[in-house]
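Chains, contacts and geometry: an overview
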Number of protein chains: 2
Amino acid sequence: MSEPLFDRIAIVGIGLLGSSIARKVRADGVARHIAIADHSEAALAEAEELGLGDGYTTDPAEAAAGAALVVSCVPVGAAGSIADAIAPALTSDTLITDTGSVKASVVKQMLPRLPHPECLVPAHPVAGTENSGPSAGFADLFENRWCILTPTEQTDLRALDQVAEFWRLLGSDVETMTAEHHDLVLAITSHLPHLIAYNIVGTADDLEEVTQSEVIKFSAGGFRDFTRLAASDPTMWRDVFLHNREAVLEALGRFSEDLAALQRAIRWGEGDMLHSTFSRTRAIRRGIIDAGQETDAPDFGRRVSKG
Amino acid sequence: MSEPLFDRIAIVGIGLLGSSIARKVRADGVARHIAIADHSEAALAEAEELGLGDGYTTDPAEAAAGAALVVSCVPVGAAGSIADAIAPALTSDTLITDTGSVKASVVKQMLPRLPHPECLVPAHPVAGTENSGPSAGFADLFENRWCILTPTEQTDLRALDQVAEFWRLLGSDVETMTAEHHDLVLAITSHLPHLIAYNIVGTADDLEEVTQSEVIKFSAGGFRDFTRLAASDPTMWRDVFLHNREAVLEALGRFSEDLAALQRAIRWGEGDMLHSTFSRTRAIRRGIIDAGQETDAPDFGRRVSKG
């Protein structure tokens, strides 16, 4: 274990992401002191029982006071109010990063509220599971996953370097791009997939000729895969769609056009069109596996035991 | 190992499904002799190298001659031509089953071409992976998975019992329903999910503001899940959509209506509607896990090592 990067860090929001950060920081000694803030007393009690930090408070400013780094791990709709809450405790030496899945909106909400905007290094670790809450976190969550930093025009270069180092110590590979480009890329690689997954599970829930017990029973034909993303945190995802509206609507428009073309091919029996569409999609999966972002094991290596 | 259920069985089509059946029949001694037919010389050579059977031929009738059970494991569009091919070799003692993902069309194609229609017991084992070909199969594929039998009005009850026993010996739980109901249920639990997965991967492949390397790099945000279904066999899936057209178009229509409602909620910032939609989908996943059809492990228990 090397010298801690920071003496004290503050984690605001102790859900899946916040608690994973706390565990890794503790496990690898990335900071000496971990101050945890959350608006939920229940979440704080759970975090304390799990021994995730050294201090627990409902007041973000109390956690942020004296911290070298504040990590905001709240739904993106709460970014502005977190900035307001921590502002009084911030000095020109307090670095700020976050874990929001949308970046332009987070920057727009936080930047004008921070006394030292040069200290903000917005981040999005592209990592997660379908589970939520302090107990869902684990220290290896960021291992081998990308963390995208979207520095603003005001971001100080030394702040950027230190925050990048922090994410690397958590296990992430770090990439940098603009907030706007981030939001376009994630609209297709994350936001649209979640929307589609939520939607198909909802559609299945509504059918009257097919009972829910049949949907459950025969879900191994493909449907069950979608239920994982559709089990993600509703508040987090509501905020993502409200705060990345333009990019999501654009991606959705293209998706719907393409789907209409497939629908037409099915209606008119155009087998060649279907076959050629279905043939060009394997290469992307191969690329993802080769890039170390997916398992090569059939069926995700999933093991199901009799319930 | 108990007494073999059959002396000789014929497997027509030695892909993922056919080869999994062959391996399980061999491993558990379900039949003494396994005759394998496939239109592809290369697949037969691969099957022979893997030692999957006792005889290999491109002629389905040659494989079927003397068999107590013929299992057709071909894309559903080929069901009629397989029936034509095996017809001369069939006696009133030859049972016939299949693995097609669509059932009404398979019945319609096969029934009029069989000399003894009472021997046909259509089946759909709801099991598979994204991989194809003789080497993709494994003996445990059917373990803990449902196999749906859709006997016709002409199906002999003893034939039904024997074929049900065969699927149980392969590891399946057996369920019986009409072919029409099967096609409705599977349209939502399997066919629509595959169509959506193929479509979103295709849409991602077409974007010009986001490069394919970015889609691959940041796919862990959700997109990668869809690439598994979208890596499935194009010929098999082309045939599924062409042969279950009405039910798929109906399911797709409902999916698109629901998606339009979500799209509208995003455009108009209706957070409550989004939150309530996203909140009701967790229960279905819980039901699938409790029914023993899905793993409880976060992220499917997926393990990804650096590529």
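About the criteria used
Every chain's residues receive numbers from 1 upward, in the order its sequence appears when written. Written order determines the labels here, with chains lettered from A and ligands numbered from 1. Local features in a predicted model are, by the rule used here, given only for residues with pLDDT of at least 70; side-chain atom pairs are given and counted only at 80 or more, and totals for whole chains, interfaces and linings are based on all residues. To qualify as a helix, a DSSP run of H or I must reach at least 4 residues; to qualify as a strand, a run of E must reach at least 2; elements of each kind are numbered from the N terminus. Exposed residues have 12 or fewer other C-beta atoms within 10 Å of their own C-beta, buried residues have 20 or more, and partly exposed residues fall in between, where C-beta atoms are placed from the backbone. Boundaries between domains were set according to an automatic or database domain assignment. Once C-beta atoms are placed from the backbone, any two residues with those atoms within 7 Å are in contact. Three residue categories are used. Nonpolar comprises Ala, Val, Leu, Ile, Met, Phe, Trp, Tyr, Cys and Pro, charged comprises Asp, Glu, Lys and Arg, and polar comprises the others, including Gly. A residue counts toward the fit only if its pLDDT is at least 70 in both copies, and the copies are then superposed by least squares on the C-alpha atoms of those residues. We treat two strands as partners when DSSP finds at least two bridges between them. Each direction from the helix axis to a C-beta atom contributes to the arc, which is the arc of those directions. The path from the first strand over the helix to the second decides the hand: if it runs clockwise while the strands point away from the viewer, the crossover is right-handed. Note on definitions: angles span 0 to 180 degrees between N-to-C directions of axes, and those axes are lines fitted to C-alpha atoms, for helices only across the stretch in contact. Any angle between 65 and 115 degrees counts as roughly perpendicular, while under 35 counts as roughly parallel, over 145 as roughly antiparallel, and the rest as oblique. Crossings are assigned a handedness: left-handed for a near helix turned anticlockwise from the far helix by less than a right angle, right-handed for a clockwise turn.

On to the overall build of chain A. Helix and strand counts for chain A come out as 13 helices and nine strands. Principal axes of the C-alpha set define a box for chain A whose edges measure 65 × 45 × 35 Å. When burial is assessed residue by residue, chain A has 56% of its 307 residues classed as buried.

Attention now moves to the domain arrangement of chain A. Residue and element names in this part refer to chain A. Assigned domains of chain A: these are domain 1 (6-177) and domain 2 (181-301). Using C-alpha coordinates to define each centre, domain 1 is positioned 30 Å away from domain 2. With 15 residues of domain 1 in contact, the opposing surface of domain 2 contributes 18 residues. Class assignment of the residues belonging to the side of domain 1 that touches domain 2 gives a composition of six nonpolar, seven polar and two charged.

This paragraph deals with the relation of the copies chain B and chain A. At an RMSD of 0.0 Å, chain B and chain A line up after a rotation of 180° and a shift of 0.0 Å along the axis. Seen this way, the second copy is the image of the first under a two-fold rotation axis.

Attention shifts here to the sheet that holds strand β6 (residues 120-121) of chain B. Residues and elements named next belong to chain B. The six strands lie next to each other as β3-β2-β1-β4-β5-β6, forming an open sheet whose pairing is parallel. Looking at which strands have only one partner, the edges of the open sheet turn out to be β3 (55-57) and β6. Sheet topology places strand β1 (residues 6-12) next to strand β4 (residues 69-72); four bridges connect them, and they run parallel. Each bridged residue has a counterpart across the sheet, and for A10 the counterpart in β4 is V70.

If you check which residues of helix α13 (residues 282-290) of chain A are buried, you get I284(A), R285(A) and I288(A). Down the axis, α13(A) shows its buried residues gathered within 100° of arc, on one side only. Each element contacted by the buried residues of α13(A) is listed here: α7 (179-206), α8 (212-217) and α9 (223-229) of chain B. A positive backbone phi angle near 75° is found at G292(A), which sits one or two residues after α13(A).

Let us look at the interface of chain B and chain A. Size of an interface, as often reported, equals the accessible area lost when the parts are brought together. Taken together, the 98 residues of chain B in the interface contact 97 residues of chain A. For the side of chain B that touches chain A, the secondary-structure elements that each account for two or more residues are α7, α8, α9, α10 (234-243), α11 (245-267), α12 (271-279) and α13 (282-290) of chain B. Per element, the largest residue contribution to the side of chain B that touches chain A is 19 residues, and it comes from α7(B). Along the lines of polarity and charge, the residues of the side of chain B that touches chain A split into 46 nonpolar, 29 polar and 23 charged.

To continue, consider the pairing of β1(B). Residues and elements named next belong to chain B. Most of β1 is tucked away, with six of its seven residues classed as buried. Pairing geometry for β1 and strand β2 (residues 31-37), over six bridges, is parallel. When the bridges of β2 are listed, I9 appears paired with I34. A crossover connection joins β1 to the parallel β2 through helix α1 (residues 16-28); in handedness this β-α-β unit is right-handed.

A few words on the sheet that holds strand β9 (residues 173-176) of chain A. Residues and elements named next belong to chain A. Taken in spatial order, the three strands line up as β7-β8-β9 in an open sheet, and their pairing is mixed. Unpaired on one side and paired on the other, β7 (123-125) and β9 mark the two borders of the sheet. The mean angle between the axes of side-by-side strands here comes to 20°, regardless of whether they run parallel or antiparallel. In this sheet, β9 lies alongside strand β8 (residues 146-149) in parallel orientation, the contact comprising four bridges. In the sheet register, L149 faces β9, and the bridge partner there is T176. Seen against the sheet, helix α6 (residues 157-169) touches β7, β8 and β9 and runs at an angle of roughly 165° to β8.

Now for unusual backbone geometry. Generally, phi is negative for residues other than glycine and the peptide bonds are trans, each holding for most cases. Residues and elements named next belong to chain A. Despite not being glycine, N144 shows a phi value in the positive range, around 70°. Tracing the backbone shows N144 in the loop between β7 and β8. Backbone geometry at F300 places phi at a positive 60°, although glycine is not the residue there. Counting through the fold element by element, F300 comes out in the segment after α13. Judged by the 23 C-beta atoms lying within 10 Å of it, F300 is buried.

Further remarks concern the packing of helix α11 (residues 245-267) of chain A against α11(B). Two numbers describe how α11(A) lies on α11(B): the axes approach to 11 Å, and their chain directions differ by 165°. Of the possible angle classes, the one that applies to α11(A) and α11(B) is roughly antiparallel. Like other packed secondary-structure pairs, α11(A) and α11(B) cross with a definite hand, here left-handed. Two secondary-structure elements touch here, α11(A) through R245(A), V248(A), L249(A), L252(A), L259(A), Q263(A), I266(A) and R267(A) and α11(B) through R245(B), V248(B), L249(B), L252(B), S256(B), Q263(B), I266(B) and R267(B). For the contact of α11(A) with α11(B), the per-class residue count stands at nine nonpolar, three polar and four charged.

Across the interface, helix α12 (residues 271-279) of chain A lies against α10(B) with an axial gap of 9 Å and an inter-helix angle of 140°. Here α12(A) lies oblique to α10(B), going by the angle between them. Judged by the twist between their axes, the crossing of α12(A) over α10(B) is right-handed. Here G271(A), L274(A), H275(A), F278(A) and S279(A) of α12(A) lie close against α10(B), whose contacting residues are P234(B), T235(B), W237(B), R238(B), F241(B) and L242(B). Class assignment for the residues of the contact of α12(A) with α10(B) results in six nonpolar, four polar and one charged.

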